[in-house]
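Read off the chains here:
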Amino acid sequence: MPSHDVLIIGAGLAGQRAALEAARAGASVAILSKVHPVRSHSVAAAGGINGAVKVTDSWESHAYDTVKGSDFLGDQDAIEVMCREAPAEILHLEHLGVTFHRNADGQMDARAFGGASEKRTFYVADITGQAILHVLYEQLMKHSEQIDRYEEWFTTSLILNEDGSCGGCIARDIRTGRMEVFNAKSTILASGGAGQIFKPTTNALICTADGMAQAYDIGAQLMDMEMIQYHPTCMMNGFLITEGARGEGAHLINGEGERFMGKYAPNKFELASRDVVSRAEQTEINEGRGAGPDKAGIYLDVTVVPTKRIHEALREIVNLGKDFAGVDITKEPILIRPGQHYIMGGVRTNVDGEVPNLPGLYAAGEVACVSVHGGNRLGANSLLDTLIFGKRSGAHAAARASDVTMPSAPTSRIEVDAKKLAKIISRERTGRRVSEIKDELGTTMNQNCAVYRTQEGLEKQLDIVQRLKEEAKTAAIDDKGTVFNQDVLGHVELEYMTKVAETIVIGALERKESRGAQARADFPDRNDADYLKHYTITGDAEGQPVLGEAPITFTKWEPEVRSY
Amino acid sequence: MPEYTLRIRRYNPETGEAPYWDQYTVELEPHEAVLTGILAVKNRFDGSLGVRCSCRSAICGSCGMRINGQPGLACNTQVGDAIKKSKDGTNLIEIEPMGNMPVIKDLIVDMDAVHWKKVGRVTPWLLAKQPVPEREYIVPRESMVDVTQTMACIQCGSCVSDCLAMEADPEFIGPAALAKAYRFIGDPRDAQHQQRLDDLANDKHGLYTCTHCFKCIDACPKDVAPMSQIMRLRRLAGQDHHIEDVNNGERHEQAFVVLIKKYGILAEADVVPRSYGGNGITAGKLAPATMQQVVSSLPFMGKALLRGKMKVKDVLIPHRLEKSDLAEVRAIYDTVLGREKRLELNLYITGYDEDGEPTTELASDKEGATA
């Protein structure tokens, strides 16, 4: 039975950064992930990482841009922490070996990004997430004496100790089917987002809301769940085209050949924040000015960027265009549309990653809601979020570990989860498959809980989600084996997703205003008088959602009219 | 929509049965990915089909496999392209797990047992120059763009799958791990270039085990071109760091260079003495190492003579090109060796000029760039 000071669930950027920091502080560390760490979805982050590294820039400017980007829903104390610590963190990554792009003088170079008042996005071509993730994994290999890696282990539940603290998790070795108790003094959830609740999504197949659901199950609050980011430039099949394309100067063109962003953001054009650009595109499409065969898209014109620069800085999307749409983006515009990309909400934490009512439990990265992104995340702030709050969680979790004794869950605790999985595997096949239910969930969420939302659509969606949540409990699977039984894990993931989807819809129903990514067609204005607050959702004893509220922390910046 | 037949190699370790083939028919557009087809099978017909996949956009590196014999990612191989290699010329797509690694279940292989173990052999982290600067290391722009090509490796294993040298020598460090090694040796912030090159050149299964077959370049879905990185490591080791390796690798390469310059075509009988003894007219022939090698090769040479693969005359008098042809070969030498700096090809830097026409612009090697 493995026991560690600090257990980290998830091995993307937040998890790996937490592991390294906890190890540096002297803790014994386990990092556990349902995929090999370099397969984590952080690998897909393309554009870069924000920070006021240049001497001419200031963290206050970065923080203000982030507050404004969040539509004043972000907690300003947390935003200050993130932006203040950003430059040191980026330099730390450089020292570890990240191959950041340089200028002619050999210094790190930055590119423009949406919603930013300075060029402060540092990058490695358009594989920034991959470059950082692989470099951190190099460090995990280097420190393997202190950090035990459990690769391809699936967490089935978090352990709630009798005193109300979190004591680790139960997990299944995917390769052998063996189940284990992982005892830990501190447990850090770093299991990523929930994009698979939507279809299409830019998110990987592994982004199935696991950590949010597991924390919710033991009483954590989920906060800002209605805030779902639609990225403005997704290919028609859902794949992401980096914001770096617009950062390098690409234009958005509607079906009438008009560069329309000036109507919506007269100063920033294509480089307004993501919610603004996605809404602008959706409005053009809804009003019949879309491009492409069904007028369902918008053209992204990268040809205005010098070809050599495209090959140097945007090579990945040249390949994407070629491989997945048959378009040479250096020669012709490519059809795109807004697509689900990120969830600003998640497990509520403080600036040290602590989950308020659950001692010993931490969350960092997309699974968490600190909240630094509020109603809308700025591009290239997510990598920063994962690293800063991963680091802080790791440090705090290690410090806590020196003060508490090692919990020891009875091995019988495994049986609860083992029986549950065995029951799914051995059940008679009735009803719909996991894939069919998941498909309905994703498609309907993308219809009723997308860029523009209405009371009617959301009410309809709540019914659908609640029906699917029940149906998910008895979905059909085929695999009767133990080695790499991905089928049974898919079933568990579906239960996670339907549970979390319900909280998203409830949040969206409750917030009867338009703020950040929450755009209510029936309440088109921001309403600071009634809604300048976070919504939280917890599960009651029966697992039914209960709505709550939390105040927003303001430090320097009062809400003002937001225009780009 | 056209129909495609997916013939998938199955293996279930729990039944004790040998691997077998399953066949499914799915409707797909030609531009759709093979992975889309596999997931259609998994979602509609058989949820027990084991396959690793996640991002669907060729960045996570999970879905390496062999598709109609070609190693690569299922997510960025279009079915329309895959059938061009179909065995019977129909819409048949044969899908197998990657090679050179043990199969765990269906399309899932044990990458830890092979690939990741090999990555571990190249000290896969930066050994940074000291002192660490307060701000960033100041390094040439091109050097970062250059190592970014190997940084772009997603560790999918496609190159490992079909590496012929690894098939012959399972201990070979292999294309992916050696490309990873270049990522540090090409990085001006790393302090241990000499030591790293020394280790790789003197490893019995290292730099010089590669047989230059191009399979890994063909397999790589990210244009990392592992073999090109291996060749660059050899040039760095032999020419710049003057490492005389115990494998005679550098001398063997130089023997080719000298002989072809001299005769315009390979003088096979001269390769062994020059590789083992020394790269001169007589020095190599008299060296004890050459004698040893010749003696141990006698049975092999005997067979070759008997079967007419080798002629005594050719051993004594090397073949030679026509004078005019030889002059052309030497002109190539003059051009390449006449350059002030050695030029290396790098895909990230080798760009296109402003009006979109491909050029043959070459990036200078990092060593030259830092000079």
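Residues numbered from 1 in each chain as written. Chains lettered and ligands numbered in written order. Predicted model: local features only at pLDDT ≥ 70, side-chain atom pairs only at ≥ 80, totals over all residues.

With respect to the overall build of chain A
Helix and strand counts for chain A stand at 16 helices and 21 strands. Over its C-alpha atoms chain A spans a radius of gyration of 22 Å, differing by no more than 12% from the 24 Å that the globule rule assigns to 564 residues. Taken along its principal axes, the extent of the C-alpha atoms in chain A is 65 × 55 × 50 Å. Within chain A, the proportion of its 564 residues that are buried is 63%. Within chain A, residue pairs in contact and separated by at least 24 positions form 74% of the contacts whose partners lie at least 6 positions apart. (Helix = DSSP H or I, 4+ residues; strand = E, 2+ residues; numbered from the N terminus. Rg over C-alpha atoms; globule rule 2.2 N^0.38 Å. Buried ≥ 20, exposed ≤ 12 C-beta atoms within 10 Å, placed from the backbone. Contact = placed C-beta atoms within 7 Å.)

Observations regarding the overall build of chain B
When you go through chain B residue by residue, the secondary structure sums to 17 helices and nine strands. Across its three principal axes, chain B shows a C-alpha extent of roughly 70 × 65 × 45 Å. For chain B, buried positions account for 43% of its 371 residues. The contacts of chain B with a sequence gap of at least 6 include a subset with a gap of at least 24, amounting to 62%.

What to know about the sheet that holds strand E5 (residues 121-122) of chain A
Sheet architecture is open: three strands sit in the order E3-E5-E4 (chain A), paired in antiparallel fashion. At either margin of the open sheet sits one strand with a lone partner, and together these are strand E3 (49-50) and strand E4 (110-111) of chain A. (Pairing = 2+ DSSP bridges.)

Structural notes on the interface of chain B and chain A
Between chain B and chain A, the contact holds 52 residues from the first and 57 residues from the second. Looking at the side of chain B that touches chain A, the elements that each hand over two or more residues are strand E6 (103-105) and helix H4 (141-151) of chain B. Of the residues forming the side of chain B that touches chain A, the biggest block, six residues, is contributed by H4 of chain B. Among the residues making up the side of chain B that touches chain A, the classes are represented as 25 nonpolar, 16 polar and eleven charged. (Nonpolar A, V, L, I, M, F, W, Y, C, P; charged D, E, K, R; others polar.)

Quick notes on the sheet that holds strand E2 (residues 20-27) of chain B
What links the strands of a sheet is backbone hydrogen bonding, and the strands pair in either a parallel or an antiparallel sense. Residues and elements named next belong to chain B. Strand order in the open sheet made by the five strands is E2-E1-E5-E3-E4, with mixed pairing throughout. Pairing within the sheet leaves two strands with one partner each, and these edge strands are E2 and strand E4 (70-73). Each strand axis lies, on average, 30 degrees off the axis of its neighbour in the sheet, ignoring direction. Here strand E1 (residues 3-10) pairs with E2 via eight bridges, running antiparallel. Opposite Leu-6, over in E2, you have Tyr-24 as the bridge partner. (Axes fitted to C-alpha atoms, helices over the stretch in contact; angles between N-to-C directions.)

Concerning the packing of helix H7 (residues 175-185) of chain B against helix H10 (residues 226-240) of chain B
Residues and elements named next belong to chain B. Relative to each other, H7 and H10 sit at 50 degrees, their axes nearing to 8 Å. In terms of orientation, H7 lies oblique with respect to H10. Relative to H10, H7 is oriented so that their crossing is left-handed. The residues of H10 that touch H7, namely those facing Pro-175, Ala-176, Leu-178, Ala-179, Ala-181, Tyr-182 and Ile-185, are Pro-226, Met-227, Gln-229, Ile-230, Arg-232, Leu-233 and Leu-236. Among the residues making up the contact of H7 with H10, the classes are represented as twelve nonpolar, one polar and one charged. (Parallel < 35°, antiparallel > 145°, perpendicular 65-115°, else oblique. Left-handed = near helix turned anticlockwise from the far one by under 90°.)

A few points about the environment of Val-67 of chain A
Residues and elements named next belong to chain A. Here Val-67 is to be found in helix H2 (residues 59-69). When the 27 C-beta atoms within 10 Å are taken as the criterion, Val-67 is described as buried. Distance from Val-67 to Lys-499, taken between C-alpha atoms, is 30 Å for residues 432 residues apart in sequence. In this structure, Val-67 is in contact with Phe-72, Gly-74, Gln-76, Ile-79 and Trp-557, ignoring residues within four places of it in sequence.

Here we look at the nonpolar core
Val-6, Ile-8 and Val-347 of chain A together with Ala-74 and Leu-233 of chain B are the most contacted members of the largest nonpolar core, which totals 265 residues. Ranked by the residues each element gives to this core, the list is headed by helix H15 (residues 486-510) of chain A, at 13 residues. Excluding residues that lie within four positions of it along the chain, Ile-8 of chain A makes contacts with Gly-15, Ala-18, Ala-19, Val-29, Ala-30, Ile-31, Leu-32, Ile-188 and Ala-190 of chain A. (Core = buried A, V, L, I, M, F, W, Y, C linked by C-beta atoms within 7 Å.)

Considerations on H4 of chain B
An α-helical segment advances 3.6 residues per turn. Residues three or four places apart therefore align on the same side. In terms of burial, H4 of chain B is largely enclosed, as nine of its eleven residues are buried. Inspection of H4 of chain B places Ser-143, Met-144, Val-145, Asp-146, Val-147, Thr-148, Gln-149, Thr-150 and Met-151 of chain B among the buried residues, and these make up the whole buried set.

Regarding the pairing of strand E2 (residues 29-33) of chain A
All names here are of chain A. In terms of burial, E2 is largely enclosed, as five of its five residues are buried. The alternating pattern of E2 places Val-29, Ile-31 and Ser-33 and Ala-30 and Leu-32 on opposite faces, both of which are buried. Read as a crossover between parallel neighbours, the route from strand E1 (residues 3-9) over helix H1 (residues 13-24) to E2 is right-handed. (Right-handed = clockwise from strand over helix to strand, strands pointing away.)

Some details on helix H12 (residues 268-276) of chain B
Those residues of H12 of chain B that fall on the buried side of the exposure criterion are Asp-270, Val-272, Pro-273, Arg-274, Ser-275 and Tyr-276 of chain B. On its buried face, H12 of chain B sits against helix H11 (249-263), helix H13 (283-286) and helix H14 (288-306) of chain B.

Considering the packing of H12 of chain B against H14 of chain B
Residue and element names in this part refer to chain B. Where H12 contacts H14, the two axes come as close as 7 Å, and the packing angle between them is 135 degrees. Classified by the angle between their axes, H12 and H14 sit oblique to one another. Where H12 crosses over H14, the two elements pack in a sense that is right-handed. In this structure, H12 uses Val-272, Pro-273 and Tyr-276 to contact H14, whose residues at the interface are Ala-289, Thr-290, Gln-293 and Val-294.

Some remarks on the environment of Ala-475 of chain A
Residue and element names in this part refer to chain A. Looking at the element boundaries, Ala-475 is found in the loop between helix H14 (455-472) and H15. Residue classification places Ala-475 among the buried residues on the basis of 24 C-beta atoms within 10 Å. Taking the C-alpha atoms as reference points, Ala-475 and Gly-490, 15 residues apart in sequence, are found 10 Å from one another. Apart from the residues within four sequence positions on either side, Ala-475 is in contact with Gly-431, Arg-432, Arg-433, Val-434, Ile-437, His-491 and Leu-494.

A short note on the pairing of strand E21 (residues 545-550) of chain A
Looking at chain direction, strand E20 (residues 534-539) of chain A and E21 of chain A are connected through six bridges and run antiparallel. Bridging across to E21 of chain A, Thr-538 of chain A finds its partner in Val-546 of chain A.

Considering the confidence of the model for chain B
Low-pLDDT stretches of the model should not have their predicted coordinates read in fine detail. All names here are of chain B. Averaged over every residue, the pLDDT of chain B is 89; the share at 70 or more is 93%. Here residues 350-371 is a poorly scored stretch, pLDDT under 50, and it has 50 contacts once near neighbours within four places are set aside; other chains count. Taken together, the chains of this predicted complex give a pTM of 0.94 and an interface ipTM of 0.95. (pLDDT = per-residue confidence, 0-100.)

Focus on unusual backbone geometry
Cis geometry is adopted by the peptide bond preceding Pro-200 of chain A, which originates at Lys-199 of chain A and carries an omega value of 0 degrees. Within the secondary structure, Pro-200 of chain A is located in the loop between strand E9 (179-189) and helix H5 (210-217). Here the amide bond leading from Val-370 of chain A into Ser-371 of chain A is cis, since omega sits at 5 degrees, within 30 degrees of zero. Inspection of the secondary structure puts Ser-371 of chain A in the loop between strand E17 (368-369) and helix H11 (382-401). One non-glycine residue, His-242 of chain B, lies in positive phi territory at about 50 degrees. Among the structural elements, His-242 of chain B can be located in the loop between H10 and H11. Even without a glycine there, the phi angle at Asn-248 of chain B is positive, about 60 degrees. As for its position among the elements, Asn-248 of chain B is in the loop between H10 and H11.

Some thoughts on the environment of Arg-172 of chain A
Residues and elements named next belong to chain A. Along the polypeptide, Arg-172 turns up in strand E8 (residues 166-173). Assessed through the 25 C-beta atoms surrounding it within 10 Å, Arg-172 is described here as buried. Spatially, the C-alpha atoms of Arg-172 and Leu-421 are 10.0 Å apart, while their sequence positions differ by 249 residues. The residues contacting Arg-172, other than those within four sequence positions of it, are Trp-153, Phe-154, Thr-156, Gly-177 and Met-179.

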